Structure formats: C-alpha cells, structure tokens
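Tertiary structure, described
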Amino acid sequence: MLKYVSRRILYTTILLLIVSLSIFYIFDLIPMDPARLICSKQCTPALVEANRHRLGLDVSVIEQWWRFIVGLFAGRTFGEDGIGQFCSAPALGYSFPRHECVTTIVANAFPFTLSLAVGAFIMWISVGVSLGVLSARKKGKFADRAASVFVLVGTSLPTFISGILILLFIVLKFNLVNPLELGDWHNPFTEPIGWLNTFFFPCATLALAYAATYTRFTRSNVIETSSEDYIRTARAKGLTERVILRKHTLRAALAPIVTIAGLDFAGLLGGAVITEGIFGLNGLGKLSIKAVTQTYDLPIIVATTLIASTLVLVANLLVDITYAFIDPRVRAE
Amino acid sequence: MSVMKITARRLIATTSVVAMAASVVLVGGVNSASAATAKPVTGGTLYFYTHASQFPNLDPQRIYTGRDIAFLGSYLMRTLVSYKPVPGKDGASLVADMATNTGVPSNKAKTWKYTLRPGVSWEDGKPVTCADVKYGWSRTFATDVYVEGPAYPLTWLDIPAASDGSSAYKGPYKKTGQALFDKSILCSKDNRTITFNLKRSVPDFNYYLTYLAGGPVPQAKDTADKYDLRPFASGPYMIKKYAIDDEMVLVRNPNWKKSSDPIRTPYADDIVVKFGMDEDLRDQITLDDSIPNGINMDGLQPANNIKFFEDPKNANRRMNNYDPYTSYLAANNSVGRLDCLDVRKAIFFAYDNQSLINLSGGLKYYGEMGDSPVKPVIGMDYAPTKGNIHDPNFKIGGNPEYAKELLAKAKVSCPEAYDRATNPAKGLVYYRPDTAGNKKSAVLVEAALKKAGFVINTIYKPSGTYNANLETYKNETDLFGSGWGADWANASTVIPELWGDGCCNYTKNKKTPEYAAFIAKVNLALVELDRKKQAKMWQELAQYGMDQYWYIRTVFGKSQQTWGSKIGGVYYWEPQGSFGFGQLYVKQ
C-alpha cells in the first residue's frame with residue numbers, strides 16, 4: 001500500500017511540474033505585453049525594457065519557470081536589487097499592480113472561496129440528494145414531477161443569470177443585504193450571522209445548479225439500485241422500506257455520488273469566477289478574472305491557475321488512494 | 001491613448017492620459033454651477049463605488065489620469081499649484097496651493113521659483129519642506145521603479161543626458177548623477193523656497209505642478225514600490241484603510257490646517273470608496289438611487305446609461321459633458337503611403353462618421369465630429385478651424401460623390417498614390433487591433449470607402465501586443481486610429497505631441513515638404529511667453545495641420561457622470577475631466 005501511495009504521489013508531483021511549465025508557456029504565447037501595459041503614455045522602448053526586466057520577463061520561459069520553482073522552496077526577491085521586494089517561501093510571485101506577494105494575496109482570497117465552496121457543497125448535497133431520493137421513491141407522482149421542474153430550472157439557468165436574478169430581485173429588492181456590505185468578510189466562528197449574510201445567497205446560487213444535477217443523478221442511482229436482486233431479497237425478508245432504503249439502497253447508490261462530489265468540491269476550491277464576481281466575494285475566482293481583465297497580472301494568473309490544477313490533481317490522488325483502500329485490486333495494478 | 005471608442009475608454013481608464021481644459025460645454029443634466037453654489041453641509045459619509053479593483057495608482061509619481069489627480073489631490077495630497085476648484089472656464093485657471101503663488105518665472109521661463117506657505121504639514125504634523133518637493137521630483141527619475149507617471153522632468157530639468165540618451169540622473173535609489181540633480185533644483189536655507197532650473201524655456205511649467213507627480217514626498221516615509229499602497233497625506237484627509245478589491249477609507253487628517261489651505265473644503269467626515277462592484281449591481285444602485293449619498297465613479301453600461309439619461313426624474317443626478325479626449329484617425333504621410341493631399345481629402349469626405357458614431361453610442365453620449373486635435377475644452381488655444389467638417393461638401397454620413405471628384409483630381413496630381421488607393425491589386429492598408437468592436441466598425445469603414453472607389457485592406461493585429469508594436473505598425477499602415485487628451489490647459493501638450501517631435505506622432509509627416517515650416521513655428525510657440533500670442537500660434541498650427549489632412553477625422557468625446565440624490569456640490573471640473581471632488585458634500 002505504501003509503495004502504491006508513494007508512486008501516486010510521485011506521479012502527481014511530476015504532473016504538477018509539467019502543468020506549471022505548460023502554464024508559463026501558454027501565458028508566454030498570449031499576445032499581451034505586461035511590460036508595455038503599465039507604462040505611461042510617455043513610454044519609450046527603453047522604459048518598456050526596464051519594466052520587462054523589473055517584472056522578470058526578460059529571460060527565457062524555462063528560466064522564468066525555474067525561478068518560480070526555486071522561489072516556492074527558498075523564497076525570492078522581485079524587482080531591482082536594493083529596492084526589490086522579498087517574498088518568503090512558498091513564493092508564488094509578486095504582484096506589481098497590487099504591491100504584494102502573491103502568496104499573501106492568495107491566502108487572503110482563499111477563505112472566501114473555501115466558505116463559498118463549503119456552504120454551496122452542504123446546500124447542494126442536502127437538497128440534491130434528498131430531492132433525488134424523494135423523487136425516486138415517489139416515481140411518477142407529483143413530488144417526482146415537481147423535482148423534475150426543479151432540475152429543469154436549475155440546469156437551464158446559467159449561474160450568471162441566476163446570480164444576477166437572486167442579487168437584483170431578491171437580495172436588493174427586499175433589502176436583505178446592504179449593497180455596501182455585499183461581499184464583506186466575517187469570520188464564521190466569531191460572526192456566524194455576518195458570515196451567513198455574506199455567503200447564504202452566493203452559496204444558494206452556486207448550489208442551485210449543482211443540486212439540480214445531483215437530484216437527477218441520485219434519482220437514477222436509487223431507482224437502479226432498488227431493482228437489484230439483493231433489494232428484492234431484503235424486501236422478501238420483510239424489512240421495512242425505510243430500513244431497506246437506509247441500510248441497503250442508499251449505501252450502494254451514494255457511493256459514486258460521493259466520488260463525484262469530491263471532485264466537484266475540489267474544482268470549486270479553485271474559485272467560482274461568476275458567483276464571486278456577482279456577489280463581490282474576493283475569492284480566488286474573482287482574483288484571477290480581475291488579473292486577466294483589468295491588470296493582466298501575470299504572477300496572479302499563474303498562481304491561481306496552478307492552485308486550481310493542484311487542487312484537482314490532489315483530489316484525484318485522494319480518490320485514487322481511497323479506491324486503493326476500498327478495492328485491493330487497484331493496488332495490484 | 002484612446003483608440004476608437006470602446007478601446008479608447010478602457011485605455012484611458014486603465015493607463016495614462018490626463019485631462020485639462022477650459023471651457024467645457026455642458027451637454028445635458030444639471031446646471032453644475034448652481035448645484036455647486038447651494039449651501040454645503042459638513043458631516044456624513046461620502047460613498048464612491050466602482051467596478052475597478054483599485055485605484056490604478058496612489059503613488060504621486062505614478063499617477064497620470066485626471067480623475068485620480070482630482071480625487072487624490074482634493075482629499076489626500078497637495079501640490080504647489082492647483083486648478084481653481086470651480087465649475088466652468090474659471091476651473092482651468094491656476095491658483096496657489098502649497099506655494100504662496102503660482103510661480104515666479106525668470107531667465108525667459110528657464111527658472112521658476114516657489115515659496116511654501118507657512119503651516120503646510122504632513123499627516124504626522126511635520127512641516128512640508130523644499131527637500132520634500134525635491135525628493136518627490138527625484139523619484140520620477142527612478143525609471144526602474146516608476147514608469148506610469150508623467151515624464152516631463154526628465155527632459156525639462158537642467159541635467160545632461162547619458163550616452164544612451166536617457167537622463168544622467170538615475171533617481172534617489174541608485175543615486176547615479178545625484179550632484180547633477182542637486183544643481184537643477186535648489187532649496188533655500190530655510191527649506192521653504194524652491195528653485196527649478198530648466199534646460200529650455202517652459203512658459204507653462206506651472207501647469208505641470210498641478211500634477212501630483214510635481215508634489216512633495218517625505219524621504220523618511222518613502223517605501224518605493226509599496227508607497228503606492230500608503231502615500232503620506234498632506235491634504236485634509238488621510239488613509240485609514242486601503243484594501244484592493246475591497247475598499248478605501250479616508251478619515252480627517254488632524255494635522256491639516258484650513259489656514260494653510262485656501263482651496264480645500266473638506267465637508268464629509270469620512271470618505272469610503274467601494275471597489276470591485278459587479279457592473280450590473282453598480283448600475284442598479286445608480287438607477288434605484290439605493291445609496292443616496294453615493295457617487296458612481298464609472299460610467300453606466302450603454303443600455304443603462306440611455307435608460308438613466310432619458311428618464312427626467314434623474315435630471316438632478318447626472319451630467320453629460322465633453323470629456324478631455326479627442327479620438328483621431330491619422331494618415332500615414334510617408335512616401336509611397338498617403339503622400340497625396342487629394343487622396344487624404346477623398347478619404348476624409350468618403351468616411352461615414354454618422355454610422356461609426358452611432359455604433360459607439362451616438363452623438364448624444366459618445367461624441368461629435370471635431371475640427372482639430374485641440375478640443376474646445378482646452379480653452380483659449382482652440383478656435384474652430386476652416387475647411388474639413390465646415391466644408392460645404394462635408395456630410396457626416398459620407399459624401400462618396402465628392403470623394404470621387406477628389407480621387408479624379410488625385411489621378412492627375414499624384415497618379416502613384418491614386419493607383420495605390422484604387423487598384424484592386426494594391427489598396428490602402430488599415431491595421432487595427434483584433435477586437436469585436438473593431439471588426440464591426442471595419443465593415444462600415446470599408447463600405448463607405450468602397451462606395452467612393454477606394455480599395456481597402458483591413459489587417460487585424462493581436463490586440464494584446466498592438467501597443468507594443470506601434471513603432472513597427474505605424475510604418476506599415478496607411479491609417480492609424482488612436483486618441484489623446486491634453487495634459488493641461490495648453491496645446492503645448494497636444495500639437496507637438498501629435499504632429500511634432502513628441503511621443504505620439506503617427507502621421508509620419510516629418511519628411512513632407514510642409515513639415516519644416518510647421519515644426520519651426522511649433523518650437524517658437526513652445527517658448528512663447530505671451531500667452532495670448534502663444535494661443536494664436538497654436539490655433540494657426542491646428543489649422544495648418546488640418547489643412548494638410550494629417551488627420552482624416554477627429555471626434556470630440558463625451559462622458560457621463562451620475563450620483564445619488566443626497567449628494568450636493570456637484571460640478572464638472574473641466575481641467576481634470578471629472579467631478580470637482582473637493583466640493584462634494586452629503587445633504588442632511
């Protein structure tokens with residue numbers, strides 16, 4: 001088992017190195033010049049070059065990447081000698097438009113994204129699974145049809161529409177949140193009401209789309225499992241429907257859902273760009289989109305992309321390891 | 001700066017450019033003068049909200065946009081000289097701020113002297129000194145750190161150039177050439193009088209001092225790159241909080257004294273700027289007036305803008321003004337390109353300006369046809385030119401018949417240029433950034449020119465690297481679209497920059513027979529000490545360039561501002577092209 005886990009960790013590490021290098025190459029290919037972008041209208045070619053040097057873009061892509069990797073473990077000074085800015089390890093870069101180490105910026109943004117992801121996850125799992133089970137048990141009846149309508153609405157409404165509708169026609173219309181306080185950070189442990197005030201509607205927006213999918217998925221899994229022979233046997237033994245559902249059907253039906261939920265959750269930790277933007281949450285998604293559209297802040301773009309891909313890879317790793325525990329045949333492969 | 005309009009606005013908002021002007025025309029909305037004269041009230045919180053994540057810069061040596069100079073100069077940072085904070089033409093006149101007067105020139109305006117008022121101080125109570133002003137100026141020379149701000153001191157101060165053409169002084173961090181810099185700016189023994197020694201006469205030197213970049217920075221508080229997050233205040237407010245993507249909170253500066261500041265009136269108790277607001281939410285707040293003591297720092301999205309401005313109930317919460325910017329289409333006058341006046345004129349008369357302006361928001365909100373690179377808002381340096389849009393043959397939707405006549409004339413006067421413009425195997429070349437907006441407008445341009453008999457090849461270049469490749473592109477394209485806003489109320493920051501030796505001459509006119517006489521007069525105008533005479537020279541030079549059709553078209557842009565119902569003291573500060581922030585107050 002240890003050998004299997006070590007091998008998986010090694011593969012993931014190699015994959016991360018490849019992904020990070022690819023990110024540097026991809027951004028090098030994008031026709032955008034950060035050195036020119038922040039230069040004044042009286043800019044000269046010499047000033048652009050000086051700026052490129054300051055931003056660390058005057059060396060090859062591979063060297064830029066290597067400096068990045070070294071900075072992750074040893075910290076790094078960005079900018080001119082003497083007046084440069086030092087970022088301690090793990091140094092993800094330095095944002096010149098924000099005048100801050102990227103690691104600090106990311107660390108500040110992460111609680112927003114984590115709160116959103118956790119809140120949304122709880123909502124969509126509880127609503128999606130409950131509705132799915134209900135729908136399966138009441139197959140063809142009113143509850144099932146009502147759930148189908150919910151699924152239809154949830155899946156057909158993109159987040160940028162549902163988010164805006166919730167914000168403008170519920171939150172603002174009924175003065176549920178002061179627009180000037182929208183997106184303010186509150187510690188969930190010391191200020192739970194404030195935290196709920198900030199995160200309830202964004203979580204609901206995000207959960208709406210996911211819950212619809214999970215309702216459908218749970219419904220079909222439960223229906224499929226219910227027709228298995230061992231369920232028929234349980235029913236023949238005289239067990240109540242409640243017991244059969246709890247002890248037999250759900251246990252089998254939910255296993256694949258848990259796996260997918262884990263991956264979805266990991267994906268969300270990389271940032272929910274649209275929801276964060278609409279509700280003014282300064283999470284990783286909003287951070288990255290602003291870095292692309294407003295400041296073309298390359299270190300932030302690289303860092304957030306890398307974090308998102310790392311989270312997905314780590315989630316995959318955890319799933320693989322979990323499977324190895326569950327199914328010994330996987331280890332043997 | 002701006003390139004066609006959508007691009008232009010974004011560029012103007014996010015990068016450089018600055019405002020100026022004098023006689024702005026109020027296009028619609030409130031009578032700003034009367035609004036400003038209503039009795040102001042002290043107290044309350046002024047809210048500003050914006051989609052932007054942050055101010056582009058807070059470091060005075062990095063700031064270049066009129067709105068930011070107006071905002072930060074009204075609240076946080078003082079300068080030696082300022083524009084008068086009043087609506088209308090008077091707003092472009094200079095008043096002494098930290099200094100006792102607007103400057104005493106001597107030696108044919110090669111030397112300028114200022115004395116600091118007694119009592120001007122920093123937020124820690126220490127007096128602002130000549131050394132602080134000198135240190136602020138020195139930072140502009142650190143081009144390894146500061147590249148965003150105006151660079152006039154690099155060429156003005158009497159400091160020799162290094163072998164590569166850059167200044168021999170490299171700023172206060174490297175200190176290379178420090179002795180040379182020390183000779184160019186002198187401080188008196190009492191550290192209150194400052195003398196600037198310049199390489200050449202600069203009659204409008206004092207206008208530059210309205211820039212925060214010409215103001216003081218205390219060396220002890222300089223944190224180089226990070227000064228952009230927390231500049232030290234000399235104005236009536238100081239920074240309590242500045243969190244990018246979140247908010248800025250300004251509170252009263254306890255060490256600011258009204259007795260030392262003749263122009264600022266800090267009414268609100270505190271000022272909050274909310275950053276990163278979703279654009280739909282921002283617009284809805286303005287439409288619903290849900291933050292009555294709030295001011296929208298951005299423009300509304302086009303559909304919401306029309307909705308808001310067409311609704312009479314919002315009449316007291318909006319302004320529609322000419323902004324400080326002129327969009328233009330430059331003709332490449334070099335040999336083998338548009339080196340024929342008749343061809344250039346034919347393009348001018350063929351253009352369908354009406355459709356292009358409609359595409360960008362219409363005459364009411366986007367802008368109107370201009371007749372000069374100098375905009376009326378600049379004041380005395382503008383005079384309507386003759387010809388061009390005032391020519392009886394000019395039609396805003398294009399006049400292909402007259403353009404054909406001009407082309408027929410060109411066939412005789414300059415057959416080679418005619419052939420290039422009309423031969424299907426050749427044709428005019430028009431480089432444009434590859435954006436959706438440009439692709440739409442290109443259809444209109446091509447249709448109009450084809451109607452007149454032109455052959456035009458639109459070539460799209462990657463938008464991200466477009467500006468970085470301007471030096472190459474400007475040689476290869478026949479037409480080049482961009483924009484400009486004067487740095488201050490003098491055409492010295494327009495005509496030499498756009499048609500002379502300045503940064504952004506895309507007309508390639510320097511080898512034309514007409515250029516020698518033009519630049520000789522430009523150089524005379526630049527050092528002319530008689531302001532009225534100088535203004536007349538600029539007017540004549542604008543006419544001269546327009547007669548050459550160095551620019552195919554100019555558009556005088558407009559901008560709209562909106563605010564909540566509890567905001568008082570609103571007016572358009574013409575020289576900065578923005579609110580007069582210092583007079584805003586919260587109605588009780």
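Residues numbered from 1 in each chain as written. Chains lettered and ligands numbered in written order. Predicted model: local features only at pLDDT ≥ 70, side-chain atom pairs only at ≥ 80, totals over all residues. Heavy atoms only, no water.

Right, let's get into the sheet that holds strand β7 (residues 185–187) of chain B. Picture the strands of a sheet paired through backbone hydrogen bonds; they go either parallel or antiparallel. Residues and elements named next belong to chain B. The strand order β5-β6-β8-β7 describes an open sheet built from four strands, whose pairing is antiparallel. Looking at the sheet topology across the chains shown, the edges are occupied by β5 (104–106) and β7. Between one strand axis and the next, the sheet turns by 20° as a mean value, whatever way the strands run. The pairing of strand β6 (residues 111–115) with strand β8 (residues 193–197) spans five bridges and is antiparallel. Within β8, the residue paired with Trp 112 across the bridge is Phe 196. (Pairing = 2+ DSSP bridges. Helix = DSSP H or I, 4+ residues; strand = E, 2+ residues; numbered from the N terminus. Axes fitted to C-alpha atoms, helices over the stretch in contact; angles between N-to-C directions.)

Below, the discussion takes up unusual backbone geometry. With the exception of glycine, the majority of residues adopt a negative phi angle, and the majority of peptide bonds are in the trans configuration. A cis geometry characterises the amide bond from A:Ala89 onward to A:Pro90, with omega recorded as 0°. Looking at where A:Pro90 falls in the secondary structure, it is placed in the loop between β2 (85–87) and β3 (94–95). We note that B:Asn107 has phi near 50°; this positive angle belongs to a residue other than glycine. Checked against the element boundaries, B:Asn107 lands in the loop between β5 and β6. Of note in the backbone geometry, B:Ala224 takes a positive phi value of approximately 55° without being a glycine. Note that B:Ala224 resides in the loop between α7 (205–208) and β9 (237–243). Overall, the relative accessible area of 7% leaves B:Ala224 in the buried class. (Buried < 20%, exposed > 50% of the residue type's maximum accessible area, 1.4 Å probe, protein only.)

Residues and elements named next belong to chain B. Among the six residues in strand β15 (residues 428–433), six count as buried, and that is most of the element. In terms of strand pairing, β15 meets strand β16 (residues 456–461) through six bridges, oriented parallel. Along β16, the bridge assignment pairs Tyr 430 with Thr 458. Between β15 and its parallel partner β16, the chain crosses via helix α15 (residues 436–451), and the hand of that crossover is right-handed. (Right-handed = clockwise from strand over helix to strand, strands pointing away.)

Looking now at the pattern of salt bridges. Residue and element names in this part refer to chain B. The final tally for this structure, using the stated rule, is 43 salt bridges over all chains. Taking the shortest distance from any N to any O, the salt bridge between Arg 282 and Asp 298 comes out at 2.9 Å. Pair noted here: Arg 282 is in helix α8 (residues 279–288) and Asp 298 is in the loop between β12 (294–296) and α9 (302–310), with a separation of 16 residues, a long-range link. On the accessibility criterion, Asp 298 (17% relative accessible area) is buried. (Salt bridge = Lys/Arg side-chain N within 4 Å of Asp/Glu carboxyl O.)

The figure often quoted for interface size is the accessible area lost as the parts come together. Taken residue by residue, the interface counts 38 residues in chain A and 50 residues in chain B. Taken together, the two surfaces of chain A and chain B that pack against each other cover about 3700 Å², and 57% of this comes from carbon and sulfur. Viewed at the interface, chain B and chain A are joined by three salt bridges. One salt bridge connects B:Asp225 with A:Arg54, and the closest N-O pair in it is separated by 3.8 Å. Put simply, chain A and chain B have ten residue pairs in polar contact (both at pLDDT 80 or more) between them. (Contact = heavy atoms within 4.5 Å. Buried area = accessible area lost by both parts, 1.4 Å probe. Polar contact = N/O pair within 3.5 Å; in protein donor to acceptor, adjacent residues only side chain to side chain.)

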